[in-house]
Amino acid sequence: MNKLAKLITLFGLNLLCFSATAQDAEMADAMRANGKIYVVVAIVLAILLGVIGYLVSIDLKVGKLEKRLRDKK
Amino acid sequence: MKKNWWKILSAALLVYTLLGGLLFAVPRLNIVNETIRALYFHVPMWFAMVFMFIASTYYAILYLRKPVITYDTYSISFATVGLVLGLLGIVTGMIWANYTWGSPWHGDPKQNGAAIALLVYFAYFILRGSITNQEQKARLSAAYNVFAFAAMIPLIFIIPRMTSSMHPGSDGNPGFNTYDLDNKMRLVFYPAVVGWILMGTWIATLLIRIELVKEKIEELEDEQTR
């Protein structure tokens, strides 16, 4: 089984576990049922990816500066 | 690209943490309810902070053994990232406490200990800022760094466990056993810890590289003026 298939199985199993848990404490079940939780996930994911992308760009800029210094010597 | 595999791993782990942390099943407990998910995001801040401070102290000791200025650059950079992670840990903890304990600052031993530990590290930066001579700054702050680390360990890990604390994972309890009854949470929590440690290290290496570039430019300028 390749890595991707394993990951998808992992996700699936976890979702299964979720539906099987007892309903005692109050949780945000409605948000999950109507799928609005994915809106939140998408928003936070966009921010995380943006920050990571910014970090990559800073990394590349520093790399360029280092290269310029190396070439100067 | 080969040298950067761990940066990609860190990004992948954090994306996984976010998806798993918001979507996977969690134990259904009263009072905490969905806020149990804060564990995935709040606790890794502290784990990563401790790792950054260990790295910082390691380079401080190296500097005290052999005064190479690069060690000082490493030490300050890791401490900076550690402090930022610690502040995020305090802020996220306060948001959580406001909804589960009833107020942002509850004077809980773990909360107070963490705050004092951060203040001890604040003093490290104040000490550095007050000395202009570079060698003196590096030597004194390296010695203080070792002290700060030695003060942080009991403040965060020992004292909160010796008294009664409302903080989950305290009370002489070595882990989060009460929370991780079914081990499902570990599946997200441990990748989150590794992801944040790698991300913190990545940011620290950027700070280090920028500082080293600055030092090299200054060297070149010195040569030109001579």
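Up top you'll find the structure we're talking about.
Computed from a prediction, not measured in an experiment: that's the story for all the values here.

**Student:** Could you give an account of the interface of chain A and chain B, with specific residues and numbers?
**Tutor:** On the chain B side, the residues contacting the 35 residues of chain A number 31 residues. Three residues stand out in chain A for area buried against chain B, namely Met27, Leu55 and Leu69 of chain A, and they jointly supply 18% of the buried area on that side. Between Arg209 of chain B and Glu66 of chain A there is a salt bridge, with the nearest N and O atoms lying 3.0 Å from each other. Linking chain A with chain B are nine residue pairs in polar contact (both at pLDDT 80 or more), by the criterion used here. Of all the secondary structure elements, the ones that give two or more residues to the side of chain A that touches chain B are helix H1 (3–20), helix H2 (29–33) and helix H3 (37–72) of chain A. Ranked by residues supplied to the side of chain A that touches chain B, first place goes to H3 of chain A with 18 residues.

**Student:** Describe the side chain of Ser75 of chain B, and please don't skip the residues or the numbers.
**Tutor:** All names here are of chain B. In this structure, Ser75 sits in helix H3 (residues 69–100). Looking at Ser75, the relative accessible area reads 2%, which means it is buried. If near-sequence neighbours (up to four positions away) are discounted, Ser75 is found in contact with Ser56, Tyr59, Ala60, Tyr124 and Asn145.

**Student:** Residues and numbers for H3 of chain B, please.
**Tutor:** Between the first and last C-alpha of H3 of chain B there are 46 Å, a value that for 32 residues agrees with the 46 Å anticipated at 1.5 Å per step. One or two residues past the end of H3 of chain B sits Gly102 of chain B, with phi positive at roughly 105°.

The rules behind the values
- Residues numbered from 1 in each chain as written.
- Chains lettered and ligands numbered in written order.
- Predicted model: local features only at pLDDT ≥ 70, side-chain atom pairs only at ≥ 80, totals over all residues.
- Heavy atoms only, no water.
- Contact = heavy atoms within 4.5 Å.
- Buried area = accessible area lost by both parts, 1.4 Å probe.
- Salt bridge = Lys/Arg side-chain N within 4 Å of Asp/Glu carboxyl O.
- Polar contact = N/O pair within 3.5 Å; in protein donor to acceptor, adjacent residues only side chain to side chain.
- Helix = DSSP H or I, 4+ residues; strand = E, 2+ residues; numbered from the N terminus.
- Buried < 20%, exposed > 50% of the residue type's maximum accessible area, 1.4 Å probe, protein only.
- Expected span 1.5 Å × (residues − 1).

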